[in-house]
There are 2 protein chains.
Amino acid sequence: MSEYSKILLDESEMPTAWYNVIPDLPAPPPPPLHPGTHEPIGPDDLAPLFPMALIGQEVTTDSHVDIPGEVIDVYRLWRPSPLFRARRLEKLLDTPARIYYKYEGVSPAGSHKPNTSVPQAFYNAAEGVKKLTTETGAGQWGSALSFACAQYGLECEVWQVRASYDQKPYRKTMMEVWGASVHPSPSDLTEAGRAILAQDPDSPGSLGIAISEAVEMAAGDPDTKYALGSVLNHVLLHQTIIGEEALLQLAKVDEVPDVLVGCTGGGSNFGGLSFPFLREKLAGRMNPTIRCVEPAACPSLTRGEYRYDFGDTLGMTPLVKMHTLGHGFVPDPIHAGGLRYHGMAPLVSHLYELGLVEAEAIHQNECFDAAITFARAEGIVPAPEPTHAIAAAVREAKRAREAGEERVILTALCGHGHLDLAAYEKYLAGELEDYDYPEEKVAAAMEEVPVIA
Amino acid sequence: MSEYSKILLDESEMPTAWYNVIPDLPAPPPPPLHPGTHEPIGPDDLAPLFPMALIGQEVTTDSHVDIPGEVIDVYRLWRPSPLFRARRLEKLLDTPARIYYKYEGVSPAGSHKPNTSVPQAFYNAAEGVKKLTTETGAGQWGSALSFACAQYGLECEVWQVRASYDQKPYRKTMMEVWGASVHPSPSDLTEAGRAILAQDPDSPGSLGIAISEAVEMAAGDPDTKYALGSVLNHVLLHQTIIGEEALLQLAKVDEVPDVLVGCTGGGSNFGGLSFPFLREKLAGRMNPTIRCVEPAACPSLTRGEYRYDFGDTLGMTPLVKMHTLGHGFVPDPIHAGGLRYHGMAPLVSHLYELGLVEAEAIHQNECFDAAITFARAEGIVPAPEPTHAIAAAVREAKRAREAGEERVILTALCGHGHLDLAAYEKYLAGELEDYDYPEEKVAAAMEEVPVIA
């Protein structure tokens, strides 16, 4: 075996279909319910918010969905993404494990998010939509959608959580470079925003509030639709190109993973990496352990309840069955903004209930500690979200060393941290707090979760 | 021809030698002179600052220098870098030109600088050096050297121009992530810094001052040496891997460039891209026009004089023959910090004198305008420095459209702009100033340039 550090695919080797895990599961996930009637929702309920093509993908029972040529053309700007073997990290950890990471930070927005923002923008443009609205926290999703809208000539309007809007002005600038309009949320542009501001004029906002604002704006205008960056089935579907490429890349060097670890916020990066490997596992072609890694401050899988809850704070979205800490729960301000979500993708939640994936929660200091080690060995400075996956990979590599076992570890480095250096500054200054599980805040939020008969 | 967007090389196709243009030139460049005696300097004069391997490369007459295996191992973390065809930009410009850009923003530090920081750190470590000092402006070079030092277990101490240190804290954090110590310059740690602070306690600093500080610290400690990120022959030598790869990549798609454009500050990115193509041109195998692009506010090639001058502000470095605006010249605060240097690499200056390369100067608003067009088409947000190259490429593409001619344009996108979004914010707000050529300031600085008989 040569001393390769990365395994590349040519554009001609890029997968041409996304993978839908649902038909391969022993049982389908429970359906979303109408927030008012509590009956299963149909396509008509979603039509004000999403184009028909995406609604179709949300409920499809096909195993594969072809990627349109116009989407592949844009994917080519950064895909196929590289798979790296972390040889220098392995050496530093003195481990017999072989560590591979699939790097999605090469996308224009610097994360895995364009894998879904591009097809979402494409399908909307194809159905004549003129504008997309969305919410964003730290800004990864907002910038990914801004980039995608620029590719297909769509307008893009983003509600960014006020605290991030003020603290991280550069993500806003990035969105504007790609032509988007960005508003702090809560804003006075929506009823949802005005209601929050009436209660608290200085509200720092939350993802749940920003979702409410973006959904309201889309619902009120026939030329405008809404785009969500995680949680939903079609979003996870688009992300499976990560795992499909990684399968091809590992095959090129005759490797089969023993363990997959991926960070989970809404679940799209984790689902994207793991679902194709889960297919192989269910078919008996390999047998990796597949593990979600979540922040100790917002541990929806390891501590949340599996029940129907809203996706947003104000209760405007359909009810989805998921592991939740309560839609009113506002997580402590950990730096992994993309993991600060009260729920988990229904599909990932379903897999967890079925026992097909495991989960663990890690505190942020351990994550940044692993990230510094990683950066000095491998060069790349990770975004705060994937530091959780790296910390879990480091744990695995140390276990392999203790056991004296060769193990193949695969993870996804879903974004770079060039716009998150303030978090590293705090870590290096010893000022990063390890928030524990907020038991009482969660208990209070769970009181507000509707009881579905 | 397939609809490829990028042309990749496998690691096994990476060039294994750097190219030295000097033996292929009709005349060698004039030698550097001792700052005191004005006699040509020898290896002993440079030994306090540089390891013997690099001094040897500075004066070598070999056409090729083998890249050590330990350097190739680190290069593999991001090299070979991709060559992109800017199909979406071509379409937007409605041009018959085919535009290619070699993208160096995939390196850990986000620019082309690690191509030389890595071998510089390697050769120093191999000769037993314990620490490297350097200067940095916006921080691209300082972060590249910090990364490289982490790879070979060297300490790294960086003097960052005070104005940038205060305005751009995130580059400092990036250097610290890789383990470096960073000081604002002027500092009270050196005689040079104390002398400046005595005159002006609030001095914003300059690259020339920071060089004086880093050189002083290295000269005073036998275990410490100094590293420079541009200008010198060995730096340009290391960067030729850019052009060598681009040659291989263009050959893969049967293309021969008609025009090369590259931005020039100290000249290392430009030299790195163009020298291998110049070799092909001098050998009669192709005939591209090769053009330097510099900022209108700091036009050392198009407006500077070709004569011996110092590399730093305080006159501690050897005298080198180059196009200079005077070592005391402090350019206006354009956002392309890496192009704010009073001189030009002696080798690039020599080529310009020989008529082997052309030059043009562009104002920063035209550059950012081109960069926004580029970002919306191609996704990548460029660093302020290569916006100059992009603006020149756009000019060429428009000329091709007017002439109705197919032309093949090659440029280097030498870094991403993720840490330069404040510049874009200003541009989008219409607050970017177009500084004209500062004739009087340059005339005053030129008065201080020593007269060599």
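If you're wondering where the values come from, they're calculated on a predicted model, not measured in any experiment.

Draft legend 1. Just the packing of helix α9 (residues 191-199) of chain A against helix α10 (residues 207-219) of chain A, in detail. All names here are of chain A. At a closest axis distance of 7 Å, the pairing of α9 and α10 adopts a crossing angle of 145 degrees. Here α9 contributes Glu191, Ala192, Gly193 and Ile196 to the contact with α10, which in turn contributes Ile209, Ser212, Glu213 and Glu216. Grouping the amino acids of the contact of α9 with α10 by side-chain chemistry returns three nonpolar, two polar and three charged.

Draft legend 2. Just the sheet that holds strand β14 (residues 358-362) of chain A, in detail. Residues and elements named next belong to chain A. Within the open sheet, the seven strands sit side by side as β1-β4-β5-β15-β10-β11-β14. Their pairing is mixed. Only two strands of the sheet have a single neighbouring strand rather than two, namely β1 (6-7) and β14. Pairing of strand β10 (residues 259-263) with strand β11 (residues 289-295) involves five bridges; the strand directions are parallel. If you follow Cys263 over to β11, its bridge partner there is Val293. Helix-sheet contacts for helix α16 (residues 364-378) involve β4 (83-85), β5 (98-103), β14 and β15 (408-413), and the interaxial angle to β14 is about 95 degrees.

Draft legend 3. Expanded view of the relation of the copies chain A and chain B. Rotating chain A by 180 degrees and translating it 0.0 Å along the rotation axis places it on chain B, where the RMSD comes to 0.0 Å. Taken together, these values place the two copies in the relation of a two-fold axis. Taking C-alpha positions as the reference, the residue of chain A nearest the rotation axis is His418 of chain A, at 3.1 Å. Of the residues that chain A buries at the interface, 100% are likewise interface residues in chain B, meaning the two copies contact each other through the same surface.

Draft legend 4. Spotlight on unusual backbone geometry. Geometrically, the link from Ser185 of chain A to Pro186 of chain A is a cis peptide bond, its omega value of 10 degrees lying close to zero. Along the polypeptide, Pro186 of chain A turns up in the loop between β8 (181-185) and α9. Put simply, Arg79 of chain B and Pro80 of chain B share a cis peptide bond, and its omega is -10 degrees. Structurally, Pro80 of chain B is set in the loop between α3 (69-75) and β4 (83-85). One non-glycine residue, Asp94 of chain A, adopts positive backbone phi at about 50 degrees. By the secondary structure assignment, Asp94 of chain A is in the loop between α4 (87-93) and β5. The backbone of His38 of chain B shows a phi angle near 65 degrees, a positive value even though the residue is not glycine. On the secondary structure map, His38 of chain B appears in the loop between β2 (17-19) and α1 (43-46).

Draft legend 5. Molecular detail of the interface of chain A and chain B. At the junction of the two partners, chain A supplies 44 residues and chain B supplies 44 residues. Roughly 3900 Å² of surface becomes buried between chain A and chain B when both sides are summed, with 57% attributable to carbon and sulfur atoms. Between the two partners, chain A and chain B, sit two salt bridges. A salt bridge links Lys6 of chain A to Glu11 of chain B; its shortest N-O distance comes to 3.5 Å. The set of elements that each furnish at least two residues to the side of chain A that touches chain B consists of α3 (69-75), α6 (140-152), α8 (169-177), α16 and α18 (421-428) of chain A. If you tally residues by element for the side of chain A that touches chain B, the top one is α8 of chain A, at six residues. Split into classes, the residues belonging to the side of chain A that touches chain B amount to 25 nonpolar, seven polar and 12 charged.

Draft legend 6. Summary view of the pairing of strand β11 (residues 289-295) of chain B. Residues and elements named next belong to chain B. Counting buried positions over the seven residues of β11 gives six, a clear majority of the element. Considered for its hand, the β-α-β crossover made up of strand β10 (residues 259-263), helix α13 (residues 268-282) and β11 is right-handed. Pairing between β11 and strand β14 (residues 358-362): five bridges, direction parallel. Following the sheet pairing, Pro295 is matched in β14 by Ile362.

Draft legend 7. Just α18 of chain A, in detail. For α18 of chain A, the set of buried residues is Leu421, Ala423, Tyr424 and Tyr427 of chain A. Take α18 of chain A and look down its axis: the buried residues cluster within an arc of 150 degrees, on one side only. On the buried face of α18 of chain A, the contacting elements are α16 and α17 (384-403) of chain A together with α8 (169-177) of chain B. Directly beyond the C-terminal end of α18 of chain A, a positive phi value near 70 degrees is found at Gly430 of chain A.

Draft legend 8. Summary view of the environment of Glu244 of chain A. Residues and elements named next belong to chain A. By secondary structure assignment, the location of Glu244 is in helix α12 (residues 241-252). Sequence separation between Glu244 and Phe275 is 31 residues, and the spatial gap between their C-alpha atoms is 8.7 Å. Not counting chain neighbours up to four residues away, the residues in contact with Glu244 comprise Pro15, Tyr19, His64, Pro276 and Arg279. Side chain to side chain, Glu244 and Arg279 meet in a polar contact 2.7 Å long.

Draft legend 9. Quick look at the confidence of the model for chain A. Residues at a pLDDT of 70 or more form 100% of chain A, whose mean pLDDT is 95. Quick note on the complex model: pTM equals 0.96, ipTM equals 0.94.

Draft legend 10. Region of the structure containing the packing of aromatic side chains. With the rule as written, the count across this model stands at 23 aromatic pairs over all chains. When the centroid spacing of 5.8 Å and the interplanar angle of 70 degrees are considered together, the rings of Tyr75 of chain A and Trp78 of chain A count as edge-to-face. Comparing Tyr75 of chain A with Trp78 of chain A, the two get one shared label, buried. Their ring planes at 15 degrees and their centres at 5.1 Å tell us that Phe84 of chain B and Tyr101 of chain B sit as a pair that is stacked. Taken as a pair, Phe84 of chain B in strand β4 and Tyr101 of chain B in strand β5 (residues 98-103) lie far apart in primary sequence, 17 residues in all. The burial state of Phe84 of chain B is the same as that of Tyr101 of chain B; both residues are buried. Ring pairing ties together the aromatic residues Tyr75, Trp78, Phe147 and Trp178 of chain A, which thus form one cluster.

Draft legend 11. How the structure looks around helix α16 (residues 364-378) of chain B. The terminal C-alpha atoms of α16 of chain B, which comprises 15 residues, lie 20 Å apart, in line with the 21 Å expected from a rise of 1.5 Å per residue. What α16 of chain B keeps buried is the set Gln364, Cys367, Phe368, Ala370, Ala371, Ile372, Phe374, Ala375, Ala377 and Glu378 of chain B.

Draft legend 12. Expanded view of the sheet that holds strand β1 (residues 6-7) of chain B. Residue and element names in this part refer to chain B. The strand order β1-β4-β5-β15-β10-β11-β14 describes an open sheet built from seven strands, whose pairing is mixed. The open sheet has two edge strands, β1 and β14, and neither has a second partner. Across the sheet, α16 is in contact with β4, β5, β14 and β15 (408-413); its angle to β14 comes to roughly 95 degrees.

Calculation criteria
Residues numbered from 1 in each chain as written. Chains lettered and ligands numbered in written order. Predicted model: local features only at pLDDT ≥ 70, side-chain atom pairs only at ≥ 80, totals over all residues. Heavy atoms only, no water. Axes fitted to C-alpha atoms, helices over the stretch in contact; angles between N-to-C directions. Helix = DSSP H or I, 4+ residues; strand = E, 2+ residues; numbered from the N terminus. Contact = heavy atoms within 4.5 Å. Nonpolar A, V, L, I, M, F, W, Y, C, P; charged D, E, K, R; others polar. Pairing = 2+ DSSP bridges. Least-squares fit on C-alpha atoms with pLDDT ≥ 70 in both. Buried area = accessible area lost by both parts, 1.4 Å probe. Salt bridge = Lys/Arg side-chain N within 4 Å of Asp/Glu carboxyl O. Buried < 20%, exposed > 50% of the residue type's maximum accessible area, 1.4 Å probe, protein only. Right-handed = clockwise from strand over helix to strand, strands pointing away. Arc of directions from axis to C-beta. Polar contact = N/O pair within 3.5 Å; in protein donor to acceptor, adjacent residues only side chain to side chain. pLDDT = per-residue confidence, 0-100. Phe/Tyr/Trp six-rings, centres within 6.5 Å; stacked < 30°, edge-to-face > 60°. Expected span 1.5 Å × (residues − 1).

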